[in-house]
Amino acid sequence: MGTVTRVDGPLVEIEGLAGAAMFESVVLGPHRLPGEIIALRGDRATVQAYEYTGGLAPGQPAERRGAPLSARLGPHLLGGVFDGLLRPLGGVGMWLDPAAPPARTDDRSWRFTPLAGEGRAAPRGTTLGSVESGSSPPYLVLSPGGEVARIRPAGPCPSRAPVAVVGGVEVTLEREQPVRRALPYAARLPEPVPLTTGQRVVDLLLPVSLGGTVAVPGGFGTGKTVLLQQIAKWCDADVVVYVGCGERGNEMADVVAELGELADPRTGGRLADRTVVIANTSNMPMMAREASVYTGVTVAEHFRDMGYDVVVIADSTSRWAEALRELGSRRGALPAEEGYPADLASALAAFYERAGRVTTLGGATGSVTIIGAVSPPGGDMTEPVTAQTQRFVRTLWALDRDLAYARHYPAVSWPGSFARDADAMAAAVPGGAERRGRVSGLLAEAERVSALAELVGAGTLPPQERVALLAGQLIAEGFLRQSALSPRDAFCRPERTALLADALLAVVDRCRTLVEGQVPVARLEQQDFTPILRAKEAPEKEIAALRDTVLAALEGSR
Amino acid sequence: MTARAPVWAPVEYTDVVELRGPLIVVRTARGVGWDEQASIELETGERRQGLVLEADHDLAVVQVFEGTAGIRAEGTRVAFAGHPLRIPVGPGWLGRVCDGRGRPLDGGPPVFGAADAAVNGLPLNPTLREPPSEPVLTGVSAIDLLTTLVRGQKIAVFSVGGLPHLELAAQIAAQANAGGETFTVVFAAIGLTHADAATVRDTLEERSAAGELTLLLNLADDPVIERILTPRLALTIAEHLAFAMGHHVLVVLADMTGYCEAVREVSAARGEIPARRAYPGYLYSDLASLYERCGRVRGRPGSLTVLPVLTMPAGDITHPVPDLTGYITEGQILLTRDVGPYPHIDPLSSLSRMMRAGVGAGRTRPEHADLAAQIVAALSRARQARELAELVGESALGEGDRRHLALAEAFTRRLLAQRGDEPRSLADTFGRAWEVVSVLPRRDLTMLSPEALDAGYRERR
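Model, not experiment: these values are computed from the prediction.

> Any chance you could explain the overall build of chain B here in plain terms?
Secondary structure assignment for chain B yields 13 helices and 18 strands. Relative to the 2.2 N^0.38 estimate, which gives 23 Å for 461 residues, the radius of gyration of chain B is 25 Å and therefore close to what a compact globule would have. Projected onto the principal axes, the alpha-carbon positions of chain B cover approximately 85 × 45 × 40 Å. Across the 461 residues that make up chain B, the buried fraction comes to 62%. For chain B, restricting intrachain contacts to residue pairs at least 6 apart in sequence, the fraction spanning at least 24 positions comes to 71%. Accessible surface computed for chain B: about 16800 Å², of which carbon and sulfur atoms make up 52%.

> Help me understand the overall build of chain A in this model?
Scanning chain A from N- to C-terminus turns up 15 helices and 28 strands. In terms of overall dimensions, chain A has a C-alpha envelope of 90 × 55 × 40 Å along the principal axes. Within the span of chain A, comprising 558 residues, buried residues form 59% of the whole. In chain A, 69% of the contacts between residues at least 6 apart in sequence involve partners at least 24 apart. Taken as a whole, chain A presents about 21100 Å² of accessible surface, with 53% of it coming from carbon and sulfur.

> In this structure, what is going on with the interface of chain B and chain A? I would like to understand it.
One widely used convention gives an interface's size as the accessible area the parts lose upon coming together. Tallying the contact residues gives 64 residues for chain B and 61 residues for chain A. Counting the surface lost from both chain B and chain A, the interface buries some 5100 Å², and carbon and sulfur atoms represent 58% of this. Among the ionic pairs, D56(B) bridges to R6(A), the shortest N-O distance being 3.9 Å. Here chain B and chain A share 26 residue pairs in polar contact (both at pLDDT 80 or more) between them. Elements with a minimum of two residues in the side of chain B that touches chain A: strand 4 (47-56), helix 5 (226-244), helix 7 (283-291) and helix 8 (320-328) of chain B. Per element, the largest residue contribution to the side of chain B that touches chain A is six residues, and it comes from helix 8 of chain B. Examined bridge by bridge, strand 1 (residues 2-8) of chain A and strand 4 of chain B share two bridges and lie antiparallel to one another. Bridging from a neighbouring strand, V7(A) pairs with A55(B) of strand 4 of chain B.

> I keep staring at the packing of aromatic side chains and nothing clicks. Help me out?
How two aromatic rings sit relative to each other is given by the distance of their centres and the angle of their planes. A complete count under the given rule lists seven aromatic pairs over all chains for this structure. Members of the aromatic cluster, each reached through a chain of ring pairs, are Y294(A), W320(A), F351(A) and Y352(A). Above the plane of the ring of Y284(B) lies R319(A), whose end atom (NZ or CZ) is 3.8 Å from the centre. Between R264(B) and the ring centre of Y279(B), over which it is positioned, the NZ or CZ distance is 4.3 Å.

> Looking at this structure, how should I read the packing of helix 5 of chain B against helix 7 of chain B?
The packing of two helices is summarised by the inter-axis angle and the distance between the axes. Residues and elements named next belong to chain B. The interhelical angle for the contact between helix 5 and helix 7, taken along N-to-C directions, is 30°, at an axis separation of 9 Å. Comparing their axes, helix 7 and helix 5 come out roughly parallel. Contact with helix 5, carried on its side by P231, R232 and L235, involves D286, S289 and L290 of helix 7 and no other residues of that element. Classifying every residue of the contact of helix 5 with helix 7 by side-chain character gives three nonpolar, one polar and two charged.

> Any chance you could explain the sheet that holds strand 16 (residues 169-172) of chain A here in plain terms?
What holds strands together in a sheet is hydrogen bonding between their backbones, with the strands either parallel or antiparallel. Strand order in the open sheet made by the four strands is 10-13-15-16 (chain A), with antiparallel pairing throughout. With partners counted over all chains shown, the strands left at the sheet margins are strand 10 (121-122) and strand 16 of chain A, one partner each.

> I would appreciate a short explanation of the nonpolar core in the present structure.
The nonpolar side chains of a soluble globular protein tend to be buried, and buried together. By size, the foremost hydrophobic cluster in this structure holds 140 residues, and its most contacted members are F187(B), V251(B), L253(B), M256(B), Y259(B), L287(B) and I345(B). Beyond its immediate sequence surroundings of up to four residues, F187(B) is in contact with A169(B), A170(B), A173(B), V200(B), L204(B), L213(B), T214(B), L215(B), L216(B) and V252(B). Counting 74 residues, the second-largest nonpolar core is a separate cluster that includes L78(A), A314(A), L348(A) and F351(A).

> Help me understand the pairing of strand 3 (residues 24-28) of chain A in this model?
The side chains of a regular strand alternate, residue by residue, between the two faces of the sheet. All names here are of chain A. Burial analysis of strand 3 places five of its five residues in the buried class, the great majority of the element. What you see with strand 3 is no split at all: E24, V26 and L28 on one side and S25 and V27 on the other are buried throughout. Pairing analysis gives four bridges linking strand 3 to strand 6 (residues 61-68), with the strands arranged antiparallel. Following the sheet pairing, E24 is matched in strand 6 by P68. With four bridges joining them, strand 3 and strand 4 (residues 33-41) adopt antiparallel strand pairing. What sits directly across from V26, in strand 4, is G35. Counted along the chain from strand 3 to the antiparallel partner strand 4, the turn is four residues long, and its residue G29 has a positive phi close to 70°.

> Any chance you could explain the environment of D309(A) here in plain terms?
Residues and elements named next belong to chain A. Mapped onto the secondary structure, D309 falls in strand 24 (residues 309-315). Sequence separation between D309 and M94 is 215 residues; the distance between their C-alpha atoms is 34 Å. Once residues lying within four places of it in the same chain are set aside, the contact partners of D309 are L210, A237, D238, V239, G366 and S367.

> For this particular structure, what's the right way to read the packing of helix 11 (residues 399-416) of chain B against helix 12 (residues 426-437) of chain B?
All names here are of chain B. Running from amino to carboxyl end, helix 11 crosses helix 12 at an angle of 160°, the nearest separation of the two axes being 9 Å. With respect to each other, helix 11 and helix 12 are oriented roughly antiparallel. Crossing of helix 11 against helix 12: the hand is right-handed. Contacts between helix 11 and helix 12 pair L407, A410, F411, R414 and L415 from the former with T429, R432, A433, E435, V436 and V437 from the latter.

> Help me understand the sheet that holds strand 14 (residues 155-158) of chain A in this model?
Residues and elements named next belong to chain A. With antiparallel pairing, the four strands of this open sheet are ordered in space as 12-11-9-14. Both edges of this open sheet fall to strand 12 (139-142) and strand 14, since each of them pairs with a single strand only. Adjacent strand axes in the sheet meet at a mean angle of 40°, parallel and antiparallel pairs treated alike. As paired strands, strand 9 (residues 109-114) and strand 11 (residues 127-132) are joined by four bridges and run antiparallel to one another. Its bridge partner being in strand 11, P114 is matched across the sheet by G129.

> Explain a nonpolar patch on the surface to me, please; I cannot follow it from the model alone.
All names here are of chain A. Nonpolar side chains collect at one region of the surface, where M22, F23 and L40 lie side by side and expose about 250 Å² of accessible area between them. Summarising the element assignment, M22 is placed in the loop between strand 2 (11-15) and strand 3. The class of M22 is partly exposed, set by a relative accessible area of 43%.

> Quick question: what am I supposed to make of the pattern of salt bridges here?
Scanning all chains against the criterion turns up 69 salt bridges over all chains. Residue R151(B) pairs with E181(B) through a salt bridge whose shortest N-O separation is 3.4 Å. Linking R151(B) in the loop between strand 11 (149-150) and strand 12 (156-160) with E181(B) in the loop between helix 2 (165-175) and strand 13 (183-192), this pair joins segments that are 30 residues apart in sequence. With relative accessibility at 6%, the residue R151(B) sits in the buried group. For E181(B), a relative accessible area of 43% translates into the label partly exposed. For R403(B), the salt bridge identified is with E399(B), shortest N-O distance 3.7 Å. Separated by four residues within a single helix, R403(B) and E399(B) lie in helix 11, roughly one turn from each other. What emerges from the salt-bridge pattern is a single network uniting R6(A), D8(A), E13(A), E54(B), D56(B), R270(B) and E272(B).

Cut-offs used in this document
Residues numbered from 1 in each chain as written. Chains lettered and ligands numbered in written order. Predicted model: local features only at pLDDT ≥ 70, side-chain atom pairs only at ≥ 80, totals over all residues. Heavy atoms only, no water. Helix = DSSP H or I, 4+ residues; strand = E, 2+ residues; numbered from the N terminus. Rg over C-alpha atoms; globule rule 2.2 N^0.38 Å. Buried < 20%, exposed > 50% of the residue type's maximum accessible area, 1.4 Å probe, protein only. Contact = heavy atoms within 4.5 Å. Areas by Shrake-Rupley, 256 points an atom, 1.4 Å probe, with all protein chains shown as cover. Buried area = accessible area lost by both parts, 1.4 Å probe. Salt bridge = Lys/Arg side-chain N within 4 Å of Asp/Glu carboxyl O. Polar contact = N/O pair within 3.5 Å; in protein donor to acceptor, adjacent residues only side chain to side chain. Pairing = 2+ DSSP bridges. Phe/Tyr/Trp six-rings, centres within 6.5 Å; stacked < 30°, edge-to-face > 60°. Lys NZ or Arg CZ within 6 Å of the ring centre and 35° of its normal. Axes fitted to C-alpha atoms, helices over the stretch in contact; angles between N-to-C directions. Parallel < 35°, antiparallel > 145°, perpendicular 65-115°, else oblique. Nonpolar A, V, L, I, M, F, W, Y, C, P; charged D, E, K, R; others polar. Core = buried A, V, L, I, M, F, W, Y, C linked by side-chain atoms within 4.5 Å. Left-handed = near helix turned anticlockwise from the far one by under 90°. Patch = residues over 30% accessible without salt bridge, like charges linked within 9 Å, V, L, I, M, F, W, Y side chains within 5 Å.

And the structure:
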């Protein structure tokens with residue numbers, strides 16, 4: 001038992017904590033506020049508190065918990081909404097009062113089915129049994145390794161009751177897991193396998209692999225949150241962990257409400273059932289925001305170990321980095337760039353490096369993909385968090401204010417973004433590499449020509465360059481632009497993406513040929529391209545007909 | 001938010017050992033809690049209020065809201081309340097004009113309430129938030145049509161110095177309503193000049209007399225530190241009106257730049273490591289703790305809409321104050337000199353993220369979202385055409401571009417331009433909007449449905 005000696009917001013100093021370990025959890029004061037040791041000198045400890053410390057005073061007690069900051073993992077996670085320390089927000093009061101008594105514990109029962117036999121060896125990470133949880137993927141109970149001495153028969157099982165004894169260890173449905181240390185796996189898998197997001201600009205031009213890492217930098221108003229919500233809703237992951245770290249409360253409410261209403265296109269159940277929402281909004285305790293990205297990744301690794309593909313969406317990592325900065329400055333740590341602590345880069349790397357597609361200890365294949373939003377102050381892409389993040393991600397979707405102002409969503413800037421595994425992934429699809437090469441080539445050319453056109457006026461350019469401008473417009477409007485509000489366009493299957501791209505490429509090809517055949521380019525520019533531009537709203541089988549309508553009309557301009 | 005008997009400070013006087021900027025350091029007899037309320041008594045008998053910024057062994061650093069001018073180490077005594085700052089809440093605030101700390105300026109008695117509440121508030125459980133979905137009508141055409149305020153939303157007004165943003169804020173505060181439901185305004189003036197405060201007071205007089213307004217005035221020559229308290233007071237009063245009494249409440253916070261400067265001043269006095277432009281690294285969290293107090297609560301009537309108003313220093317939207325505000329608020333109304341007449345709202349840079357949920361059939365007009373999108377798209381094309389005309393001359397423009405320039409002209413003249421004392425009904429605003437889009441031929445209006453066009457489009461004679 002120690003004694004609080006100094007309180008400065010979330011920074012608390014304690015005396016008399018002999019034997020404490022770095023990053024050990026402590027509870028502070030009469031309301032037992034959670035905290036974590038971040039520095040030790042003799043028996044004096046510096047603690048970051050995870051809750052508002054108003055009223056906490058020197059002289060009050062502090063107590064060691066004997067374990068590092070841990071999160072409670074279990075079948076209750078799917079479909080739930082939690083705070084940054086993974087405490088359920090459902091069923092607690094309207095106001096989050098740190099001095100309120102802790103919420104009642106979750107004593108739901110789950111339907112357990114054993115999948116391992118008594119007396120058999122169950123190597124570490126293999127499946128002992130499964131739990132049904134609605135329409136979501138079954139929750140698997142994994143072995144700590146050893147011989148199965150006892151296992152529970154099929155039937156309802158409370159969260160905290162033992163389901164098996166393996167290697168002398170009692171296994172329960174839920175367990176406490178330290179969040180700052182990555183869960184182990186057997187091996188990383190090198191070859192990239194694409195994650196389908198349903199967003200055309202991403203899937204064709206800037207793909208992300210299962211186990212990949214993405215940063216999404218964008219100033220306010222560029223549609224970051226909407227893009228991330230679209231991916232959370234439509235990507236083909238088994239489990240999505242949505243971490244709102246320091247974002248708007250109304251938007252979190254929106255995410256939760258929408259997930260609850262929407263049907264999962266793959267299972268027919270609710271989307272919410274495959275989603276874990278961590279909602280540590282901007283006015284919730286700042287230090288719990290710092291912890292929230294680690295709890296999010298820990299949840300993801302937990303499901304990865306069951307052999308699932310998991311996507312972690314963190315909105316936004318800039319707010320998380322600000323929490324690091326805030327604590328650094330209170331602690332008196334020497335600031336590096338823009339007041340951020342010197343270990344900012346290490347902290348970012350430690351987060352993004354927990355992504356990966358792996359062979360689990362039990363021999364299954366699973367992945368954790370991390371998509372982190374970045375909110376660059378003043379839209380400045382050279383600021384430390386944006387700049388450092390770019391070093392650790394394989395894919396970057398930079399959002400562009402000009403596109404957003406023109407109401408072109410998703411406002412992903414194709415020249416300003418990158419996807420380092422794009423070629424390898426495109427090559428795995430028949431015709432994929434060529435399609436991607438042609439679309440990005442046309443966009444690059446249009447970009448170059450439009451810079452020129454702004455100087456000399458489009459009318460004075462040679463015909464081929466004017467066709468390039470036209471092609472750029474057609475692709476931007478008919479392909480890259482995608483409406484999150486349209487039921488048909490919100491999500492686009494990879495096959496449909498390919499169809500749309502090919503239809504537009506065919507139109508562009510015809511324009512090229514016609515201009516080469518001395519058809520005046522102005523005549524092409526006045527053509528009505530509406531049918532092909534509206535193809536993204538049309539049923540899939542009509543896309544070819546819409547393309548042919550435009551091709552025939554073009555033919556008529558000869 | 002719990003009702004409780006008045007809490008009297010345990011009378012405990014302590015020594016002042018240091019004075020520095022707005023801070024005093026006192027030696028206490030017992031452990032004083034962080035963020036605890038302090039009461040400072042000068043030799044003259046004058047009382048000031050403060051909060052504990054840091055508690056270190058038997059020393060407490062107290063920030064004094066009225067400033068430390070005139071405080072001597074000798075003879076000054078400090079007492080602590082034993083809890084963070086609380087104020088009375090309830091209907092007693094309605095119709096009152098008080099200073100930035102809630103003391104009457106209207107000659108009335110001090111405000112009492114049956115309950116009291118901590119001014120810091122508590123975070124609202126995000127799972128119990130109801131996504132905002134009904135409009136607040138401001139009677140300002142450009143806002144109601146293009147950047148509709150939605151009940152429970154927070155939306156900022158960004159302005160460059162010298163534009164009438166306060167007049168606009170006051171006009172909104174005077175006219176806003178929730179279509180017949182109980183509507184209340186809490187207006188927090190933060191560091192306003194006497195002249196500005198007088199304008200605001202005049203504009204809001206009627207609403208105040210009707211008992212629908214609480215006005216908190218922290219003036220430019222009031223103590224800077226008091227500014228940190230004013231918005232918290234306003235929001236605490238508003239939270240009770242909204243979530244305990246079921247009112248639709250609009251909180252106007254003007255000017256937040258003055259607030260942030262006060263936060264910076266305390267931060268500098270404490271010797272904290274500065275972040276951007278010497279604002280402290282926790283400015284985002286601090287602003288969020290104010291703006292995030294907006295919202296609606298599942299299963300309860302009432303809503304709390306927050307309208308922070310701020311001047312962008314040197315017109316720079318990337319300055320930390322507008323930048324961090326923009327990251328927290330759900331949209332912005334941008335005032336610019338480039339847009340001619342009052343209210344100077346730039347329709348292209350202004351955005352209400354919640355708008356789509358708050359407009360349409362049963363809320364405003366069925367065609368609202370499409371009509372607004374159509375006007376913004378046309379204005380965007382007009383802006384391009386104008387840029388082109390500056391390069392090549394207006395005579396070189398195509399017919400389509402010229403029509404769009406005519407639309408922009410009609411927009412400015414008929415819809416945007418509005419007097420400061422002119423409340424416009426929704427019907428009036430929509431009449432004007434249709435008049436504006438009807439400048440274009442029907443075939444140009446691809447974002448509007450044929451039914452909407454049949455109902456609203458006006459053939460030109």
